[in-house]
Amino acid sequence: MTSPILSIRDLETHFFTRGGVVKAVNKVSLDINEGKILGLVGESGSGKSITGFSIMQLIDEPGRIVGGSIKLKGEELVSLSERQMRDVRGKRISMIFQDPMMTLNPVLKIGAQMTEAITAHEKVSKRDAWQRARDGLAEVGIPSPEERLEAYPHQLSGGMRQRVAIAIAFLNRPEFIIADEPTTALDVTIQGQILAQAQKLCSQYKTAMIWITHDLSVVSGLADEIAVMYAGRIVEQGPSALVLNQPRHPYTAGLIKSVPGKHMVGHRLYQIPGMTPSLLTLGDECAFQARCPHKKDQCKTGPAMTEDGARLYRCHNPITGLNISEELGA
Ligand SMILES: Nc1ncnc2c1ncn2[C@@H]1O[C@H](COP(=O)(O)OP(=O)(O)OP(=O)(O)O)[C@@H](O)[C@H]1O
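Under the annotation held in an unreviewed UniProt entry, the protein chain carries the name ABC transporter ATP-binding protein and is attributed to Roseibium algae. Per UniProt, the comment on the protein chain under Sequence similarities (unreviewed entry) is "Belongs to the ABC transporter superfamily." Taken directly from UniProt, the Subcellular location (unreviewed entry) text for the protein chain runs: "Cell inner membrane".

A. Just the site of the ligand, in detail. Taken together, 14 residues form the shell around the ligand, and within it Ser44, Gly45, Lys48, Ser49 and Ile50 come nearest. Within the side chain of serine 49, an N or O atom sits 2.8 Å from an oxygen atom of the ligand. Isoleucine 50 is positioned such that a nitrogen or oxygen atom in its backbone is 2.8 Å from an oxygen atom of the ligand. In terms of residue count, helix α1 (residues 48-55) provides more of the shell around the ligand than any other element does, 3 residues in total. When grouped by side-chain class, the residues that make up the shell around the ligand number 5 nonpolar, 6 polar and 3 charged.

B. Just the sheet that holds strand β5 (residues 75-76), in detail. The antiparallel open sheet is built from 4 strands, whose spatial order is β2-β1-β4-β5. If you trace the sheet from one side to the other, it starts and ends with β2 (20-32) and β5, each paired once. Along the sheet face, α1 touches β1 (6-17), β2 and β4 (63-72) and points at about 110° away from the line of β1.

C. How the structure looks around a nonpolar patch on the surface. Together, Phe16, Val21 and Val66 line one region of the surface with nonpolar side chains, adding up to about 200 Å² of accessible area. Secondary-structure assignment places valine 66 in strand β4.

D. Main features of the pattern of salt bridges. Inspection of the entire model under this criterion finds 16 salt bridges. Three or more residues are tied together by salt bridges with common partners; here these are Lys73, Glu75, Arg92 and Glu175.

E. Summary view of the sheet that holds strand β10 (residues 233-239). What the 8 strands build is an open sheet, ordered β6-β7-β8-β3-β9-β10-β12-β11; its pairing is mixed. This sheet does not close on itself; its edge strands, each paired only once, are β6 (93-96) and β11 (306-308). Neighbouring strand axes in the sheet, compared pairwise and without regard to direction, differ in orientation by 20° on average. Relative to strand β12 (residues 311-313), β10 runs antiparallel, the two sharing 2 bridges. Note that in β12 the partner of glutamate 236 across the bridge is tyrosine 313. Each of β6, β7 (176-180) and β8 (208-213) touches helix α6 (residues 158-171); the most contacted strand, β6, lies at about 170° to it.

F. Up close: helix α4 (residues 126-139). Taking 1.5 Å per residue, 14 residues should reach 20 Å; α4 reaches 20 Å between its end C-alpha atoms and fits that length. Those residues of α4 that fall on the buried side of the exposure criterion are Ala129, Ala133, Gly136, Leu137 and Glu139. Relative to the axis of α4, the buried residues are bounded by an arc of 155° and lie together on one face. For α4, the secondary structure elements touched by its buried residues are α3 (110-119), α5 (145-149), α6 and α7 (188-205). Directly beyond the C-terminal end of α4, a positive phi value near 80° is found at glycine 141.

G. Quick peek at the pairing of β2. Sheet analysis places β1 next to β2, joined by 10 bridges and oriented antiparallel. If you follow leucine 6 over to β2, its bridge partner there is isoleucine 32. Hairpin connection between β1 and β2: a loop of 2 residues separates the two successive antiparallel strands.

H. Region of interest: the pairing of strand β3 (residues 37-41). When you tally the buried positions in β3, you get 5 out of 5 residues, the bulk of the element. By the alternation rule, side chains of β3 split into Ile37, Gly39 and Val41 and Leu38 and Leu40, which are all buried. As paired elements, β3 and β8 share 5 bridges and run parallel to each other. Within β8, the position partnered with leucine 40 by the bridge is isoleucine 212. Of the strand pairs in this sheet, β3 and strand β9 (residues 225-230) are connected by 4 bridges, and their pairing is parallel. By the bridge assignment for β9, leucine 38 is matched with glutamate 225.

Reading the values: the criteria
Residues numbered from 1 in each chain as written. Predicted model: local features only at pLDDT ≥ 70, side-chain atom pairs only at ≥ 80, totals over all residues. Heavy atoms only, no water. UniProt positions renumbered as here; feature names shortened; annotations may be inferred. Near = heavy atom within 4 Å. Polar contact = N/O pair within 3.5 Å; in protein donor to acceptor, adjacent residues only side chain to side chain. Helix = DSSP H or I, 4+ residues; strand = E, 2+ residues; numbered from the N terminus. Nonpolar A, V, L, I, M, F, W, Y, C, P; charged D, E, K, R; others polar. Pairing = 2+ DSSP bridges. Contact = heavy atoms within 4.5 Å. Axes fitted to C-alpha atoms, helices over the stretch in contact; angles between N-to-C directions. Patch = residues over 30% accessible without salt bridge, like charges linked within 9 Å, V, L, I, M, F, W, Y side chains within 5 Å. Areas by Shrake-Rupley, 256 points an atom, 1.4 Å probe, with all protein chains shown as cover. Salt bridge = Lys/Arg side-chain N within 4 Å of Asp/Glu carboxyl O. Expected span 1.5 Å × (residues − 1). Buried < 20%, exposed > 50% of the residue type's maximum accessible area, 1.4 Å probe, protein only. Arc of directions from axis to C-beta.

See the structure below:
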């Protein structure tokens, strides 16, 4: 059995606010193997980004990682000092954001930023760094990469800027990349091209990746595994085809039903009824029960993770194979 590149166990990240403790990440466990992409999916506020920032050890006050473990190839990251973590970021783990300007400096030419990203971690000649930067741009489908190295970020389109940010993320051949909704702001055609390129690079360089999104359709063709997050907890995870075609958790089924499809033309889009709960008042109960068509009395006590073949789910009254088409409205 291959050991995972990144292994997260019982990760807890809390925000200590005036109103109380917000459990943004509540005992999350995930494993991601070499060259594999895990899609981390859920509605806004479910804790996806905070999970990503926790891996990078970039949680600011009033937030703090209060429990659990994050191991990169067996090495514990949670106990590393800030100085040690600076060597890890950009070299062994990198992050791609929704807004590429979180990565790019508006007043520096692309070439200068890319060579800086290499030389910050490695002793390499300027000429070699420049060539690697040029090759990196070509790999993400940027035409005339030599010329683009001389451009400032504002001279590129949004899609091109995001490609540059992705090229920078792969530049030092990290073992692991966190992509936080990098295609959400782009049109569907560009989005498709970028997803295909990211997938190709992960497999070529055996990079493990978490792709964070609220949109299941983004990860359906991209991710090897899907983890569904709700109110700070993973409620279902497993191989993509299994989770998407035979969801066990009613929340996963709701997300699948919410994806617009061809058959939806002229019809109203499905929305999961109700709102996500406040993370301030959440106890041990199932956080989805107020919105759940499968709710039972039992749901007042939190369901533990159930192992079901290659997949895990957290529900007392899961969807079974028998009622699946009815559940998904197929
Ligand atoms: N600085 C903060 N102070 C207090 N609570 C915070 C802070 N940052 C995040 N949170 C809490 O953490 C929860 C999870 O936020 P997170 O950004 O991870 O959600 P998300 O699933 O990535 O959603 P989105 O797609 O909207 O970013 C939020 O609902 C919020 O309650």
